[in-house]
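Chain residues, written in single-letter form:
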Amino acid sequence: MGFGVSGSTAVIFLGVLIASGTLYTTTAGTAEQVTEARDTEGEELLDRRNTVIDVTAVVYNTTSGTLNVTVTNNGSTTLSVEDTSLLVDNEYVLPDSTAVDGDPDTDIWAPDQGLALGVNANTTSALDADTTPDRVKVVAENGVAASNTTVEAVS
Amino acid sequence: MADVSVPSLILFIASIVIAAGVAGVLIDTVTGISGALDDRGADVAENIRTDVEVISDSESAVYNGADGTVTLYVKNTGRRAIPATNESFDVIVNAQYQSNVTVAIVDGSAEWTPHGVVEVQIGGLNLDAGDHQVRLVVSGDEETFRFNT
């Protein structure tokens, strides 16, 4: 009887040990995964709170049908030019040209720098050579947006 | 001596078998719970990494009365690529679930990667003049867009 009790206790103890090991490994992995996701979310939220953009000038050339939008990064987050979205009269437009403080090749849009976006009428259906657009909206990579309804028309 | 040993041996074997059975069931149950916990953790992490933003203007005409469609641009502001299909979106317009939804990537990419933009077109609508509300749900992330026709 004594051996039986000892043997079965050892088997159950082994079972509990294996089960605890499995549970601990999974719980630790899951907790790490969720914590990491929350940490990154917190960092992104901070970046978003530190992002301020302003559409400083919107000029539409009625003769050539080109729209030039100047946006200034007034926050403290460095943004990406490639990931910035432009909406003209509520239609998504891919800019034909981009330049940060005159540099057309960079993707880095640092604080206090101005981003110039150029759109030609013949590359987008949102623009009509004769009609000046009413509303321009620029959205940064993290969803922070700025719009301008004062479109200056030049010829 | 043999009279004592045989029942003891039988009891010993029986107790070991029962203990092994109990341990087996315990391990099996805990493995099941671990699997479920792992899946749930992955789902929660995926939901945290998912974030979308409606970037369309409420002031511009998002509703096309002639076609009965609402067109919205949605930006992926999260950290994971989301399949750009109507199955990724649950669309509710004025508290009514909409199934006539088409999704198209407009930024020239092959997938709806982080910072990308898709066009969500909700068809089959007949909206009266007044205020309306569109609710988009993508992997647990809810976005509400209000506009006026």
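Residues numbered from 1 in each chain as written. Chains lettered and ligands numbered in written order. Predicted model: local features only at pLDDT ≥ 70, side-chain atom pairs only at ≥ 80, totals over all residues. Heavy atoms only, no water.

Draft legend 1. Representation of the interface of chain B and chain A in the model. Taken residue by residue, the interface counts 38 residues in chain B and 40 residues in chain A. Taken over both partners, the interface formed by chain B and chain A buries close to 3,300 Å², and the fraction arising from carbon and sulfur atoms is 64%. Per-residue buried area on chain B facing chain A is highest for I48, D57 and R79 of chain B; these three make up 17% of the total on that side. At the junction of chain B with chain A, the criterion picks out four salt bridges. Across the salt bridge formed by D57 of chain B and K137 of chain A, the nearest N and O atoms sit 3.5 Å from each other. At the boundary of chain B with chain A, the tally comes to ten residue pairs in polar contact (both at pLDDT 80 or more). Elements with a minimum of two residues in the side of chain B that touches chain A: α1 (2–49) and β3 (69–76) of chain B. Of the residues forming the side of chain B that touches chain A, the biggest block, 21 residues, is contributed by α1 of chain B. Looking at the side of chain B that touches chain A residue by residue, the classes come out as 22 nonpolar, seven polar and nine charged. (Contact = heavy atoms within 4.5 Å. Buried area = accessible area lost by both parts, 1.4 Å probe. Salt bridge = Lys/Arg side-chain N within 4 Å of Asp/Glu carboxyl O. Polar contact = N/O pair within 3.5 Å; in protein donor to acceptor, adjacent residues only side chain to side chain. Helix = DSSP H or I, 4+ residues; strand = E, 2+ residues; numbered from the N terminus. Nonpolar A, V, L, I, M, F, W, Y, C, P; charged D, E, K, R; others polar.)

Draft legend 2. Region of interest: unusual backbone geometry. One non-glycine residue, D89 of chain A, adopts positive backbone phi at about 50 degrees. Examined against the element boundaries, D89 of chain A turns out to sit in the loop between β4 (85–88) and β5 (91–93).

Draft legend 3. Focus on the sheet that holds strand β5 (residues 96–98) of chain B. Residue and element names in this part refer to chain B. Within the open sheet, the four strands sit side by side as β5-β4-β8-β9. Their pairing is antiparallel. Of all strands in the sheet, those bounded by a partner on one side alone are β5 and β9 (141–148). The average angle at which neighbouring strand axes cross in this sheet is 25 degrees, direction not considered. Bridge analysis of strand β4 (residues 89–93) against β5 gives three bridges, and the strand direction is antiparallel. Residue V93 lies in a different strand from β5, and its bridge partner there is Q96. (Pairing = 2+ DSSP bridges. Axes fitted to C-alpha atoms, helices over the stretch in contact; angles between N-to-C directions.)

Draft legend 4. Structural detail: the nonpolar core. The biggest cluster of nonpolar side chains holds 24 residues, and the ones touching the most others in it are L72, F89, I122 and V134 of chain B. Elements represented by at least two residues in this core include exactly β1 (52–54), β3, β4, β6 (101–105), β7 (117–122), β8 (131–138) and β9 of chain B. Residues within four places of F89 of chain B in sequence aside, it is in contact with Y97, V103, W112, V118, V120, L136, V137 and V138 of chain B. Membership of the second largest hydrophobic core comes to 22 residues, among which are Y60, L79, V138 and A146 of chain A. (Core = buried A, V, L, I, M, F, W, Y, C linked by side-chain atoms within 4.5 Å. Buried < 20%, exposed > 50% of the residue type's maximum accessible area, 1.4 Å probe, protein only.)

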